[in-house]
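Residue-level structural notes
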Protein chains: 2
Amino acid sequence: MFDSLWKNLTAATMSAGNADFGIINNAAIGIKDRKIAFIGSIDALPGAPEKLSEYVYDGEGRTATPGFIDCHTHLVYAGDRAAEFEQRLLGASYEDIARAGGGIAATVRATRAAPEDKLFRLAVDRLRALFFEGVTAIEIKSGYGLDLETERKILTVATRLRDEADFRVQRTFLGAHALPPEFKDNADGFITLVCEMMKTLAAEGLIDAVDAFCENIAFTLPQTQRVFDAAKELGLPVKLHAEQLTNMGGAKLAAANKALSADHLEYIDEDGVKAMAQAGMTAVLLPGAFYYLREKTLPPIDLFRRHKVPMALATDHNPGTSPTLSPLLMLNMACTLFRLTPEEAMAGMTRNAARALGWMDCGVLEKGKNADIVLWDVPHPRNLCYGFGHNPCYGAVMGGDWHPADHE
Amino acid sequence: MFDSLWKNLTAATMSAGNADFGIINNAAIGIKDRKIAFIGSIDALPGAPEKLSEYVYDGEGRTATPGFIDCHTHLVYAGDRAAEFEQRLLGASYEDIARAGGGIAATVRATRAAPEDKLFRLAVDRLRALFFEGVTAIEIKSGYGLDLETERKILTVATRLRDEADFRVQRTFLGAHALPPEFKDNADGFITLVCEMMKTLAAEGLIDAVDAFCENIAFTLPQTQRVFDAAKELGLPVKLHAEQLTNMGGAKLAAANKALSADHLEYIDEDGVKAMAQAGMTAVLLPGAFYYLREKTLPPIDLFRRHKVPMALATDHNPGTSPTLSPLLMLNMACTLFRLTPEEAMAGMTRNAARALGWMDCGVLEKGKNADIVLWDVPHPRNLCYGFGHNPCYGAVMGGDWHPADHE
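A brief look at the structure comes next. (Residues numbered from 1 in each chain as written. Chains lettered and ligands numbered in written order. Predicted model: local features only at pLDDT ≥ 70, side-chain atom pairs only at ≥ 80, totals over all residues. Heavy atoms only, no water.)

1. Notes on the pairing of strand β8 (residues 168-176) of chain A
Working note: regular strand, side chains alternate between the two faces of the sheet. All names here are of chain A. Defined as follows: Only protein chains enter the accessibility calculation, which uses a 1.4 Å probe; a residue is then buried when its area is under 20% of its type maximum, exposed when over 50%, and partly exposed in between. A run of H or I in DSSP counts as a helix once it spans at least four residues, and a run of E counts as a strand once it spans at least two, with each numbered from the N terminus. The pairing criterion for strands is at least two bridges between them, as found by DSSP. Here, the term right-handed applies to a crossover whose path from the first strand over the helix to the second runs clockwise when the strands point away from the viewer.
In terms of burial, β8 is largely enclosed, as eight of its nine residues are buried. Where strand β7 (residues 135-141) and β8 come together, five bridges link them in parallel fashion. The residue of β8 that forms the bridge with isoleucine 138 is valine 169. Alignment of β8 against strand β9 (residues 209-212), held across three bridges, turns out to be parallel. In the strand pairing of β9, threonine 172 is matched with alanine 209. In the classification by handedness, the crossover that spans β8, the intervening helix α7 (residues 187-203) and the parallel β9 is right-handed.

Below, the structure is given as C-alpha cells:
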C-alpha cells in the first residue's frame, strides 16, 4: 500500500491555521510515489504498519518537520571575501575596499574566471552543508556574472544541482544585481543588456523566476520596472530585493507587478506592507544579513502580522553580507533579533518559504504533498529555534528516500 | 625520531607577538610523546619526512591551528529551557517565568533529579559537538546543583569526561552561582554552605578552580570575598563572573585576589580594566550570551587593548543564556558584534583561553607544547571568523592522535 512507512514520530505538520506547529503525537507517515500518502496518528492507520509497507522505519520518538526550503540564496560563486572582512575590522572603509577592487566586483571577477565545474563543486559543498541542516529545496539566484556568458554559467550550475544532485531548485535570474565595471555611469544601458540576457537564457530553459535589486546603491524604480516588463513578456514570475537600506517604494512596485515576494524589507512602511497584503505577496526576512551588516532598523514584524503578510525566512547565503550555511541559525536569529515566535520562524522556513517561491506541493506535512521530511533529535520543534550554533538533524527523507545525516 | 609527522600545512601558530596569526607556510609538524617536537618550514626539517617518522600525514595545504580551548562553559546539566524561550517570545515576562518555577531553578530541579549516567551522556553529546568544531580542551563549571550531592555529581561527570573521554578538562566549582529555593532570603547562610561544600569536594579531588557570580541578581562583593577566602585556604585558583549586567566592582575584587580571569565584563570601567592589567588577569568575553540576551552595552574592547589585558573567548554554553555549541560562531560574533580583529578572535579561542585557565602547555603551536592541532578546510585562518553558521573542520590531532571529523 505504501512504498515506505514511518512510525513513532512527533510530526510538526506546519499546516496553515493550526496552533502549536500542527503537532501530531505518535504519528505515522506513509509515502507512495514520492508523496505523502498518509499522515496522522498511528491509531488512524488502516492496519498494522508491517502489513501496509515492506519498509517500516521507527522514528524512535523524534520530531519530524517539513524539509526546510531556503527561498533566497546566491549559492553559485567563486572566491571568498574573508580578507575584506578582516580589512574592515582593521579599519579600512567600504570606499577603501571598493577602490582596491573589493566588494561585489571581486566576486564577479572570481566567478567570471572560474570554470563551470569548479563553480559546480563549490556549490555542491554548500548545498551539502545546507542539506545537513535540513534543507531539501532551494532557490538560487544568478547575479555574479553580469555578462551573458557568466550568467549562463551560473544558471547552468543551478540546473545541474537540480538534475545531478537531485535537488529541488528554483533558478532565479538576477541580472540586475549590480552594475558591472564595463557599464559604469550607464545603468540604463546595462538594464537593456539584462533584458536581452533574460530573453536569451529563458529561451535556453535556464530561468524559473526573475529578481532585481532596487536600492539607492543598485537600481531605480523605473529600471526595476523595465526588468519586470521583460519578465512579464516571457511569462516569468518576479520578486524583488526591496527596502533593505532605504525606503525606495520597491515593495509597492513589486506588488503592482504581482510579485511572489519582496525580500529584506527592514525599511518598508505601512503603505508598502498594505500593498504586499493586497497583492498576496510573501515577505522574505533575512536575519543573517541583518546581523552581519549590524543593521539597527528592524523589519516591521507587527505590521506584517497586522496585515496578514506571510513571513518567510532564508539564509541569503552570499559571500559579502551573509556567508552562512545555517538555516537553524536563521531560525534563532529570527526569534532573538526580530522577535518572531518559534512557530512563526518555523513556518517561515517551511510553509511560507514554499509560498515565496510559488510552490504549492511542499512546505507542510500533508497528504498529497512531496515526501520531504526532516527528522530531528529534539523533543519539540521549538527546540530548533531555541538553540543556536547547534545541529540536531538526524536525517531527511527527500523525494521519498531516506538520507541519514552522517555527520557526528 | 617522531611518532608522527604532518607535512604540507599552513600552520597558524598563534604564538604571542607574531603578526598575521604566526603563519608558517609549507609547514611541517613533528609529534613525539603527545608533544610538538618540531614545527617549522618543511625545509628546516633535519631530513626527508619519511626518514623521520614511520607515520607521515599529508595536510594537503589545509590550515592548521592550535586546538580550540573553550574556557568558560556550564556543560553539565539536564533539561532544556526551550519552552521558556517560546513563552518569552509569546509575551511572558521574566517574572512570569520565575513565578512558574522557570529560569535557573528549572535547570537546578532537572539536574538534581537526573542520574549521573544520564548527565554524563548529555554532556558527552555536547562535548562531541564542540570537538567537531575544533575544541580539544574545556573548562566545565558546576553550579546547577547548589547542594552537596548534586554539585558532587556534576563535578564527577566533569571528571569522567576528562578520564573516560580522554579530554583535557578544568573542573570549576561554581557553588555561588545562584541562590537555591531552600535558602531564600538567606544568601549569607548559603555562602557558608558553599564554603563547606568546597572544602569537602576539594578533599575528594574534584575541584581545579573556583568561580562565583558577583551581580545584583546573584551575590555581593563581601559574599564573593568569602568564597575567594575559602578557595585561597585550599590553594585553589579563582575566577569571577563580573560586571555582566551592572558595574559592581567585581573585576577589581577579583584582581585583588589575583584571579585568573574575570568573565563577561560588558559594564566594567577603566579602573576595573587597570586593576585586571596590574594583576595579570585575562578578560573572558562571551559574545553568545551578549547576543542571546540582546545586550546593547559592549565590553570595552579598546580599554582592554590600551591596557594590554589579554582577551579570551568562550561559548559560555548553558541552557538559559547561551545554548550554543559553536566556538566558530563565537569567533564571528566576537568580530561582528565586538569588532575584534580575526587575529584577536583566534587568539581568544587559543592562546588567551589557555591563559585564562592558567594552562602553560597549550594554546599555541610551538615546540614543547601539547600536540592539540586542528585542520581546517579553509585557505587562511581569518576565514574561520568570516563565515558564520559553517563548519570547515577537517579533523583534529588531540594528544598526538588523529581524529577525523566524520561529519560533512
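2. A word on the side chain of A:Thr65
Residues and elements named next belong to chain A. Threshold: Pairs of N or O atoms within 3.5 Å make up the polar contacts considered here, provided that, within protein, one atom can donate a hydrogen while the other can accept it, and that residues adjacent in sequence are counted only when both atoms are side-chain atoms. Only heavy atoms matter for contacts: two residues are in contact if any of them lie within 4.5 Å across the pair.
By the element assignment, threonine 65 lies in strand β5 (residues 63-66). Owing to a relative accessible area of 0%, threonine 65 belongs among the buried residues under this scheme. Within the local environment of threonine 65, its side chain forms a polar contact with the side chain of tryptophan 376, the two groups lying 2.9 Å apart. In contact with threonine 65, other than residues within four places in its own chain, are Ala12, Met346, Leu365, Asp372, Ile373, Val374, Trp376 and Leu384.

3. Digging into the packing of helix α5 (residues 116-131) of chain A against helix α6 (residues 148-163) of chain A
All names here are of chain A. To be explicit about the condition: Simply put, an axis is a line fit to the C-alpha atoms, just over the touching stretch for a helix, and the angle between two N-to-C directions goes from 0 to 180 degrees. Under this scheme an angle from 65 to 115 degrees is roughly perpendicular, one under 35 degrees roughly parallel, and one over 145 degrees roughly antiparallel; angles in between are oblique. Two helices that cross are described as forming a left-handed crossing if the nearer one is turned anticlockwise from the farther one by less than a right angle, and a right-handed crossing if clockwise. Asp, Glu, Lys and Arg are counted as charged, while Ala, Val, Leu, Ile, Met, Phe, Trp, Tyr, Cys and Pro are counted as nonpolar; the rest, among them Gly, fall into the polar class.
It is at 10 Å that the axes of α5 and α6 come closest, and there the two elements cross at 50 degrees. With respect to α6, the element α5 is oriented oblique. Taken as a pair, α5 and α6 cross one another with a handedness that is right-handed. Residues Glu116, Asp117, Leu119, Phe120, Ala123, Val124 and Leu127 of α5 form the contact with α6, whose participating residues are Lys153, Thr156, Val157, Arg160 and Leu161. Here the residues of the contact of α5 with α6 sort into seven nonpolar, one polar and four charged.

4. Topic: the interface of chain A and chain B
Interfaces are often sized by the accessible area lost when the parts come together. Condition: In short, buried area is how much 1.4 Å probe accessible area vanishes from two parts on joining, totalled over both. Each salt bridge in this description consists of a side-chain nitrogen of Lys or Arg and a carboxyl oxygen of Asp or Glu lying within 4 Å of one another.
If you look at the interface, chain A gives 43 residues, while chain B gives 44 residues. Together chain A and chain B conceal approximately 3,900 Å² of surface at their shared face, both sides included; 63% is due to carbon and sulfur atoms. Linking chain A to chain B there are two salt bridges. Our count for the chain A to chain B interface comes out at 21 residue pairs in polar contact (both at pLDDT 80 or more). Within the residue set of the side of chain A that touches chain B, elements represented by two or more residues are α2 (82-89), α11 (287-292), α13 (327-336) and α16 (382-386) of chain A. With six residues, the top contributor of residues to the side of chain A that touches chain B is α13(A).

5. Observations concerning the relation of the copies chain A and chain B
Cut-off, in case you're wondering: Here the copies were fitted onto each other by least squares, based on C-alpha atoms from residues at pLDDT of at least 70 in both.
Mapping chain A onto chain B calls for a screw motion: a turn of 180 degrees about the axis and a shift of 0.0 Å along it, with 0.0 Å RMSD after fitting. The relationship between the two copies is best expressed as a two-fold rotation axis. When you check the interface residues of chain A against chain B, 100% turn up at the interface there too, and the contact is symmetric in its surfaces.

6. As for the sheet that holds strand β12 (residues 282-285) of chain B
All names here are of chain B. If you trace the four strands from one edge of the open sheet to the other, you get β10-β11-β12-β13, paired in parallel fashion. A strand with exactly one partner marks an edge of an open sheet, and here the two such strands are β10 (240-242) and β13 (311-313). Direction aside, the axes of adjacent strands within the sheet are offset by 35 degrees on average. As paired strands, β10 and strand β11 (residues 261-264) are joined by three bridges and run parallel to one another. Note on β11: the bridge partner recorded for leucine 240 is alanine 262.

7. Brief notes about empty space enclosed by the protein
All names here are of chain A. Formally: Using a 1 Å grid laid over the protein atoms alone, points where a 1.4 Å probe fits but cannot get out form a cavity; open sets with protein on both sides within 12 Å along at least 5 of 7 lines form a pocket; any residue with an atom within 4 Å of a point counts as lining. Grid points are joined across faces, edges and corners, and a volume is the space filled by probe spheres set on the points.
As enumerated under the stated definition, the model contains four cavities of 30 Å³ or more in all. Considered as a void within the structure, the largest cavity measures approximately 50 Å³ in volume. Around the largest cavity, the lining residues are Pro66, Gly67, Ile69, Thr136, Ala137, Cys362, Gly363, Val364, Asn370 and Asp372. For the lining of the largest cavity, the class distribution of residues is five nonpolar, four polar and one charged.

8. Looking at the nonpolar core
Cut-off, in case you're wondering: To qualify as a nonpolar core, a set must consist of buried Ala, Val, Leu, Ile, Met, Phe, Trp, Tyr and Cys residues joined through side-chain atoms within 4.5 Å.
Core analysis: the largest hydrophobic core is formed by 214 residues, its most contacted members being A:Leu161 and B:Leu161. Here the element with the most residues in this core is helix α5 (residues 116-131) of chain B; it accounts for eight residues. Beyond its immediate sequence surroundings of up to four residues, B:Leu161 is in contact with B:Leu75, B:Val76, B:Phe120, B:Ala123, B:Val124, B:Leu127, B:Ile140, B:Asp166, B:Phe167 and B:Val169.

9. Considering the sheet that holds strand β6 (residues 68-70) of chain B
All names here are of chain B. Across the sheet, which stays open at both edges, the four strands sit in the order β6-β7-β8-β9 with parallel pairing between neighbours. Two strands bound the open sheet, and with one partner strand each, they are β6 and β9 (209-212). On average, each strand axis in the sheet is inclined to that of its neighbour by 25 degrees, with strand direction left out of account. Where β6 meets strand β7 (residues 135-141), three bridges bridge the pair, whose relative direction is parallel. When the sheet's bridge partners are listed, phenylalanine 68 is paired in β7 with valine 135. Sheet strands touched by helix α8 (residues 221-234): β8 (168-176) and β9. Its angle to β9, the strand with the most contacts, is close to 175 degrees.

10. Overview of the pairing of strand β16 (residues 401-404) of chain B
Residue and element names in this part refer to chain B. Pairing of strand β15 (residues 393-398) with β16 involves four bridges; the strand directions are antiparallel. In the strand pairing of β16, alanine 396 is matched with histidine 403. Where β15 hands over to β16, the hairpin turn is made up of two residues, of which glycine 399 adopts a positive phi near 55 degrees.

11. Observations regarding unusual backbone geometry
Residues and elements named next belong to chain B. We note that asparagine 8 has phi near 65 degrees; this positive angle belongs to a residue other than glycine. Following the sequence through the fold, asparagine 8 ends up in strand β1 (residues 4-12). With a relative accessible area of 31%, asparagine 8 lands in the partly exposed category.

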